[in-house]
Amino acid sequence: MDSRAPLIADSGIELEIGGMTCASCANRIERKLNKLDGVSATVNYATEKAKVTAPSGYDPQLLVAEVEKAGYTAALPAPPAPEADDAAEAEDPELRSLRQRLIGAAVLTVPVIALAMIPALQFEYWQWLSLTLAAPVITWGAWPFHKAALTNLRHGAATMDTLISMGTSAAFLWSLYALFLGTAGMPGMTHGFSLTIAPSDGAGNIYLEVGAGVTLFILAGRYFEKRSKRQAGAALRALLELGAKDVAVLRDGTEVRVPTAQLAVGDEFVVRPGETIATDGVVVSGTSAVDASMLTGESVPVEVGEGDAVTGATVNAGGRLVVRATRIGSETQLARMARLVEDAQTGKAEVQRLADRISGVFVPIVIAIALVTLGAWLIAGFPASAAFTAAVAVLVIACPCALGLATPTALLVGTGRGAQLGVLIKGPEVLESTRAVDTVVLDKTGTVTTGRMTLTDVVTAPGTDRAEVLRRAGALEHASEHPIARAIAAGAAEEAGPLPEVTGFTNLEGRGVRGTVEGHEVTVGRASLIDASAAGLPDDLAAAKADAEAQGRTVVAVAWDGAARGLLVVADAVKPTSAEAIRGLKDLGLTPVLLTGDNTAVARQVAAEVGIEQVVAEVLPEDKVDVITRFQGEGKVVAMIGDGVNDAPALAQADLGLAMGTGTDVAIEAADVTLVRGDLRSAVDAIRLSRRTLRTIKVNLFWAFAYNVAAIPLAALGLLNPMLAGAAMAFSSVFVVGNSLRLRGFRSVIPR
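Everything numeric in this text was worked out from a predicted model, so none of it was measured.

Definitions and limits used
- Residues numbered from 1 in each chain as written.
- Predicted model: local features only at pLDDT ≥ 70, side-chain atom pairs only at ≥ 80, totals over all residues.
- Heavy atoms only, no water.
- Helix = DSSP H or I, 4+ residues; strand = E, 2+ residues; numbered from the N terminus.
- Buried < 20%, exposed > 50% of the residue type's maximum accessible area, 1.4 Å probe, protein only.
- Contact = heavy atoms within 4.5 Å.
- Areas by Shrake-Rupley, 256 points an atom, 1.4 Å probe, with all protein chains shown as cover.
- Pairing = 2+ DSSP bridges.
- Core = buried A, V, L, I, M, F, W, Y, C linked by side-chain atoms within 4.5 Å.
- Axes fitted to C-alpha atoms, helices over the stretch in contact; angles between N-to-C directions.
- Parallel < 35°, antiparallel > 145°, perpendicular 65-115°, else oblique.
- Nonpolar A, V, L, I, M, F, W, Y, C, P; charged D, E, K, R; others polar.
- Right-handed = clockwise from strand over helix to strand, strands pointing away.
- pLDDT = per-residue confidence, 0-100.
- Patch = residues over 30% accessible without salt bridge, like charges linked within 9 Å, V, L, I, M, F, W, Y side chains within 5 Å.
- Salt bridge = Lys/Arg side-chain N within 4 Å of Asp/Glu carboxyl O.
- Expected span 1.5 Å × (residues − 1).
- UniProt positions renumbered as here; feature names shortened; annotations may be inferred.
- Phe/Tyr/Trp six-rings, centres within 6.5 Å; stacked < 30°, edge-to-face > 60°.
- Left-handed = near helix turned anticlockwise from the far one by under 90°.

Undergrad: Looking at this structure, I do not really get the overall build of the chain. What am I missing?
TA: When its secondary structure is counted, the chain shows 26 helices and 26 strands. When each of the 752 residues of the chain is scored for burial, the buried share is 52%. Contacts in the chain between residues far apart in sequence, at least 24 positions, make up 70% of those at least 6 positions apart. Summed over its atoms, the accessible surface of the chain is roughly 31200 Å², and 58% of this surface lies on carbon and sulfur atoms.

Below, the structure written as structure tokens:
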């Protein structure tokens, strides 16, 4: 089922891209590839993949070479190994490198900051120990930033990496100058706590804690961001793992168990009760109920018999089936859904980082100010050392220490608080998506409703005791494995108490069950079965049956001693908290839309019950993406809430995907937010928390830059005392952390 092999022409080719540090990198690679004759490319920063269409016979290595010329890495995806063990999968080398740099930087930087900020620790040669510890951090630890800055420089661009590289390099180089050529290397040198603004030649001070500290904070932010982005491909793996691993194929009338990959179109295979159907096919013999909830999200099992089509990865919930394979490998519905998820992820527009947008303007301005400062001091006749001191001071103060904390601390506190409330947020892209969302599309089954069949009503014939109907029907259904039977048995046991014994139990395939309960021959099943074994349904029961079926509910008839005694109504019940959740979404200014494959009558009834006005019903699983795309085409920013495999492509296509934690792994992996509890009110929490976390990040970013922008004129005038700069940086960092910690006070709408 490998639908990801590099195929030129119709299906295009996929490249795995490495070395991107921001959305502008993705745009640059995209422009490079699109300049090639006949090539059309889309590069996604979040998934780190390029999807390319090219003329037939085009050599993929030409695409790889073009990406490498732009300063990045590219590779064709390796086909997945058969029977691959997740635990044994090779770890991403870029992520491993970041983790190693982060751990090394943390161990070495903490003493450097402590020595610089606590005078009591400043022994006679403390500055040389600081140099020894900080040098590996600023060179090896910050190498990814220096490398990205050089790449961006070749393309005439300036990003956050440029700012980090310049600031840390300036702090390090000037510290070397002060230590070896100035007075900072003298025994007994200390950093005092004078907070006065006064001229200084800078040769008596070191800035190693600035260079090492900024490197540590930015590395931490990059590592956690990279780790969350690496989950992008997990949805596809989860989809493909749904299928059966092996299958019992009929060879000359004998069952032979073979790997699913060896199935061929036309092969007949056996599916026993509880087994997963290996591939798409047609039933040759046998009748059963097939549970397709993992693919469709719908809770009602589908009755199948000879000639009916079945889908791979669904589960046989009833009798033995023999199925003839009609589609295999990449042609199955499961594989097509996997491609839909991938296409939706590749096509999702990535929002550029706020810090990158700001630094794109901020960095050139800072460089210009530093050069103007240098020139002005030299022209004014000041010594070169004083001129360089002022110019370097501008670069040092322009590297905002708090910027490294602005996003990671807010994300850490915000997502941590979300986890406590059962809301798992995957990354910073998610926060920006929540800001503009105006429409929420909700899957019905498992999201607004419970997703499982429940006994909702009992209608009895005149003179028949309700408890008696429940007790006898429940006892008979308790002996059956059918999902509807299980719902009836559970409801009967809950209301009528212990169920009596059954003798002479008979399963009437696809129609119902029969047996002796409390000395009476009882029949439970379709109305047609009751018509055959009794005098038919009386008028009042027939009217109640028509009523319930008009509302999309499933009706099971009960008869004994030659007469119909009652009806049992089974349906997927609305969750008790769904209506409250819909009100909460409306209060946030969002328009809810119910999306389901069920018939319109059922959908409208559920929508009316919870307060949703707009309904899109009778939608095939693969068409849910089209519904989301249509809303987006109308200018709406769409959030999607779902739980089934069929929801995964729509969750990926939506501007914001929220998956119920009680749903399938595929839906959870394809979504941006996971609602662990399965309570729809958690969606209200998720959007409120995301918006508040984004606001906190914006405030943090503003102040992280504001402190430094305010200090740049002082640095340019040569009035920046290093300790005053250190105090300002420390205060800005404390402010950013304190502001982020306020998110811990976020309160859920779900009462404790």
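Undergrad: So what exactly am I meant to see when it comes to the environment of Thr21 here?
TA: With respect to the helices and strands, the residue Thr21 is situated in the loop between strand E1 (13–18) and helix H1 (23–34). What makes Thr21 buried here is its relative accessible area of 16%.

Undergrad: Explain the sheet that holds strand E9 (residues 288–291) to me, please; I cannot follow it from the model alone.
TA: To summarise the sheet geometry, strands pair through backbone hydrogen bonds and adopt either a parallel or an antiparallel arrangement. On the basis of which strands lie adjacent, the open sheet formed by three strands has the order E10-E9-E12 and antiparallel pairing. Of all the strands in the sheet, just strand E10 (302–304) and strand E12 (315–316) have a single pairing partner and so form its edges. As paired elements, E9 and E10 share three bridges and run antiparallel to each other. Residue pairing across strands places Ser288 opposite Val304, the latter belonging to E10.

Undergrad: Explain the nonpolar core to me, please; I cannot follow it from the model alone.
TA: Across soluble globular proteins, nonpolar side chains have a tendency to be buried as a group. Ile206, Leu208, Phe362, Val366, Val394 and Ile712 are the most contacted members of the largest nonpolar core, which totals 49 residues. If you list the elements that add at least two residues to this core, you get helix H3 (93–117), helix H4 (126–141), helix H6 (160–180), helix H7 (208–229), helix H11 (354–379), helix H12 (384–398) and helix H25 (681–716).

Undergrad: Explain the packing of helix H20 (residues 578–587) against H25 here, please?
TA: Any two packed helices are characterised by the angle at which their axes cross and by the distance between the axes. Between H20 and H25, the shortest axis-to-axis distance is 7 Å and the interhelical angle comes to 25°. One way to sum up the angle between H20 and H25 is to call them roughly parallel. For the pair formed by H20 and H25, the contact residues are Glu580, Ala581, Gly584 and Leu585 on the first element and Arg681, Val684 and Ile687 on the second. Of the residues in the contact of H20 with H25, the class split is four nonpolar, one polar and two charged.

Undergrad: In this structure, what is going on with the environment of Leu131? I would like to understand it.
TA: Positionally, Leu131 belongs in helix H4. Residue classification places Leu131 among the buried residues on the basis of a relative accessible area of 11%. When residues no more than four places from it in sequence are discounted, the contact partners of Leu131 are Phe172, Leu176, Leu179, Phe180 and Leu208.

Undergrad: Can you walk me through the pairing of strand E22 (residues 591–595) in this structure?
TA: In regular strands, side chains alternate between the two faces of the sheet. In terms of residue burial, E22 counts as a mostly covered element, since four of its five residues are buried. Pairing of strand E15 (residues 439–443) with E22 involves five bridges; the strand directions are parallel. Within the sheet, the bridge partner assigned to Leu442 lies in E22 and is Leu594. Looking at chain direction, E22 and strand E23 (residues 614–616) are connected through three bridges and run parallel. In the strand pairing of E23, Leu595 is matched with Val616. Crossover E22 to E23 through helix H21 (residues 600–610) is right-handed.

Undergrad: Looking at this structure, I do not really get the confidence of the model for the chain. What am I missing?
TA: Do not read the fine detail of predicted coordinates wherever pLDDT is low. Across the chain, the average pLDDT comes to 79, with 81% of residues at 70 or higher. The lowest-confidence element of the chain is helix H8 (residues 234–241), averaging 56 in pLDDT; the highest-confidence one is H4, averaging 94. Scored below 50 in pLDDT, residues 193–197 shows 13 contacts in the model against residues more than four places distant or in partner chains. Low pLDDT, under 50, characterises residues 347–352; the stretch is placed with 13 contacts to residues that sit more than four places away or in other chains.

Undergrad: Even after reading the chapter, I still don't get a nonpolar patch on the surface, so can you show me in this structure?
TA: A surface patch of nonpolar side chains, amounting to about 230 Å² of accessible area, comprises Met117, Ile118 and Leu121. Position of Leu121 among the secondary structure elements: in the loop between H3 and H4.

Undergrad: Sorry if this is basic, but what is going on with helix H17 (residues 483–496) here?
TA: An α-helical turn contains 3.6 residues, so any two residues separated by three or four positions project in the same direction. The first and last C-alpha atoms of H17 sit 20 Å apart over 14 residues, in line with the 20 Å expected at 1.5 Å per residue. For H17, the full list of buried residues reads Pro483, Ile484, Ala485, Ala487, Ile488, Ala489, Gly491 and Ala492. In the core, the buried residues of H17 are packed alongside strand E16 (449–460), helix H16 (466–478), strand E20 (554–560) and strand E21 (563–574). Two residues or fewer past H17, Gly497 is found with a positive phi of approximately 90°.

Undergrad: What am I meant to see in the side chain of Gln127 here?
TA: Relative to the helices and strands, Gln127 is located in helix H4. Owing to a relative accessible area of 0%, Gln127 belongs among the buried residues under this scheme. Not counting residues up to four positions away in its chain, the partners in contact with Gln127 are Leu179, Ala184, Gly185, Met186, Met189, Ile206 and Leu208.

Undergrad: Would you explain the UniProt feature "transmembrane region" (unreviewed entry) in the chain in this entry?
TA: Mapped onto this numbering, the UniProt entry gives "transmembrane region" (unreviewed entry) at residues 102–119, 125–143, 163–186, 206–224, 358–380, 386–413, 699–717 and 723–743. Here residues 102–119 is 89% helix and 0% strand, with 27 Å between the C-alpha atoms at its ends.

Undergrad: Would you mind showing me how to read the packing of aromatic side chains here?
TA: Remark: the centre distance and the inter-plane angle together describe each pair of aromatic rings, the angle taken between the planes. For the structure shown, the criterion picks out five aromatic pairs. Both rings, one in Trp128 and one in Phe180, keep their centres 5.3 Å apart while their planes meet at 75°; by these two values the pair is edge-to-face. Of this pair, Trp128 sits in helix H4 while Phe180 is found in helix H6, placing the two residues 52 residues apart along the sequence. Judged by its relative accessible area of 56%, Phe180 falls in the exposed class.

Undergrad: Before we go on, may I ask you to explain the pattern of salt bridges in this structure?
TA: Note that side chains of opposite charge can pair when their charged atoms are close. Counted under the stated rule, the structure contains 19 salt bridges. The shortest N-O distance in the salt bridge between Glu66 and Lys69 comes to 3.3 Å. One end of the pair, Glu66, and the other, Lys69, are both in helix H2 (residues 60–69), three residues apart, so they sit about a helical turn from each other. As a salt-bridge pair, Glu634 and Lys636 come within 3.3 Å of each other at their nearest N and O atoms. Relative accessible area serves as the criterion here: at 46%, Glu634 is assigned to the partly exposed category. A single network of salt bridges, built from pairs that share partners, joins Glu468, Arg471, Arg472 and Glu518.

Undergrad: Looking at this structure, how should I read the packing of H16 against H17?
TA: Taken N-terminus to C-terminus, the directions of H16 and H17 make an angle of 135°; their axes are 8 Å apart at the nearest point. Classed by the angle they form, the pair H16 and H17 counts as oblique. Handedness of the H16/H17 crossing: left-handed. Residues Arg466, Ala467, Leu470, Arg471, Gly474, Glu477 and His478 of H16 form the contact with H17, whose own contacting residues are Ala485, Ile488, Ala489, Ala492, Glu495 and Ala496. In the contact of H16 with H17, the residues fall into seven nonpolar, two polar and four charged.

Undergrad: Help me understand the sheet that holds E15, please; the structure alone is not making it clear to me.
TA: With mixed pairing, the seven strands of this open sheet are ordered in space as E14-E26-E25-E24-E15-E22-E23. At either end of the open sheet lies a strand with only one pairing partner, and these are strand E14 (423–425) and E23. Each strand of the sheet is rotated relative to its neighbour by a mean of 20°, with strand direction disregarded. Bridge count between E14 and strand E26 (residues 673–675): three bridges; the pairing is antiparallel. Considered in E26, the bridge of Val423 is made with Leu675.

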